[in-house]
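Fold and geometry: a report
Below, each chain spelled out in residue letters.
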Amino acid sequence: MLRSLWDEPRPPDPPTRVWRDWALVGVLVPLAVLEGVVRPDLPWRAVSVTLTVGLVFTLLWRRAKPLLMLAIPFVITALAPLVTGGHRAETYTMAFLLIVVYALYRWGSGREIVLGFAIMLGSVGVSASFYDLAPADAVGAFAVTFSAVALGTAVRYRTGARMRELEQVKLLEREQLARDLHDTVAHHVSAMAIRAQAGLATAPSRPEAATEALRVIEAEASRTLAEMRAMVRLLRRNEPAELAPGRQIADLEQLAGRTKVGPSVDVEISGDVDGLPPSVGSAIFRIAQESVTNARRHARHATRIAIQVAADDTSVRLRVSDDGEVSSVHSMPGYGLIGMIERAGLLGGTCQAGPNPDRGWTVTAVLPRTGAAT
């Protein structure tokens, strides 16, 4: 367990300094100065206030350098009695150090956490050597500090669990896309084999049949090569391949109509949707299907779901909208939406979802007509 903690890496992508950090500094600095003015029992007033104001700025780098930003205030406050003659050069405003402790356990690596814990223990030991700590004060300080440690650890591992769940959703979507691409390639290869066999069988009686078969095989080979180039990763389980193409844009008509319970679904397809790569057609169908499922599940009092597909020379656009009341579930990106975004991104496109200005929810996706993967 200790080795696992020591080797724990930092969480990825810590936030950089944002306006809230500067706002926090802008609030704490005047508070420290105000405390220095109005607090009558503050020893070494100028030193305490200067020290507090200077240490406030460690909050700006607490995520990028959590160990250093914790070591600086704890070491300085522990050694301050050497300058103040054994008096505490501390203010109530220094409670912000709990934020630094939280940041270490939220954003630090395992080694930084262990070293930071040692620094905090050493700081307590040095401080205890200058003045007596009442048991009640020691227990209270430990409880408050432990609360910051526990909160940082809990948020760290809850966020990590959430990220692992999202990666699993993306992995499953990639697997589904790879499955569709694999099955499409298998279909094209089967067609080429059949045409080759037919050409060989009819060649003695019809020599031109071999030429026709070669043309068909050449066309199928071009489609197969395009699909294989679009295959990002083959994450397929040991399952037999289906030798029929997956769902395509024409299959959207199956979603149309009215069910016994729930809104009706209208499908409108415009533009040239013939000749699209199967991966693009399958992605459009899957995104529309997931959008309709989400609308039926979450759009309260919806009466109509509209599916619109428009294709031009360069791209295919999908728009799925409903007229229901937006529920609170829509405010958080669900796994279905994450999967749609991942599938569109793998094909070089985009997918977005959000509430309409007046009523309802809309999902839009734009995919390149070529279906090139990024």
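By the naming in an unreviewed UniProt entry, the chain goes by histidine kinase and is assigned to Nonomuraea helvata. Recorded in UniProt for the chain, the comment headed Catalytic activity (unreviewed entry) runs: "ATP + protein L-histidine = ADP + protein N-phospho-L-histidine."

**Observations concerning the overall build of the chain**
When helices and strands are counted, the chain shows 11 helices and 5 strands. For the chain, the residues scored as buried account for 39% of the 374 residues in total. Expressed as a percentage of contacts within the chain between residues at least 6 apart in sequence, the contacts between residues at least 24 apart total 78%. Carbon together with sulfur atoms contributes 62% to the accessible area of the chain, which is approximately 20800 Å² in total.

**Looking at the sheet that holds strand β3 (residues 315–322)**
Think of a sheet as strands paired side by side through backbone hydrogen bonds, with each pair either parallel or antiparallel. Across the sheet, which stays open at both edges, the 5 strands sit in the order β1-β2-β3-β5-β4 with mixed pairing between neighbours. At either end of the open sheet lies a strand with only one pairing partner, and these are β1 (264–271) and β4 (350–355). With direction set aside, neighbouring strand axes in the sheet form an average angle of 10°. Sheet contacts for helix α10 (residues 278–298): β1, β2 (304–311), β3, β4 and β5 (361–368); angle to β3, the most-contacted strand, approximately 10°.

**Details of the environment of P66**
In this fold, P66 is placed in helix α4 (residues 66–79). According to the relative accessible area criterion, P66 is buried, its value standing at 0%. Separated by 34 residues in sequence, P66 and V100 have C-alpha atoms that sit 7.2 Å apart. Those residues in contact with P66 that lie beyond four places of it in its chain are R10, W61, A103, L104, W107, G108 and E112.

The rules we used
- Residues numbered from 1 in each chain as written.
- Predicted model: local features only at pLDDT ≥ 70, side-chain atom pairs only at ≥ 80, totals over all residues.
- Heavy atoms only, no water.
- UniProt positions renumbered as here; feature names shortened; annotations may be inferred.
- Helix = DSSP H or I, 4+ residues; strand = E, 2+ residues; numbered from the N terminus.
- Buried < 20%, exposed > 50% of the residue type's maximum accessible area, 1.4 Å probe, protein only.
- Contact = heavy atoms within 4.5 Å.
- Areas by Shrake-Rupley, 256 points an atom, 1.4 Å probe, with all protein chains shown as cover.
- Pairing = 2+ DSSP bridges.
- Axes fitted to C-alpha atoms, helices over the stretch in contact; angles between N-to-C directions.

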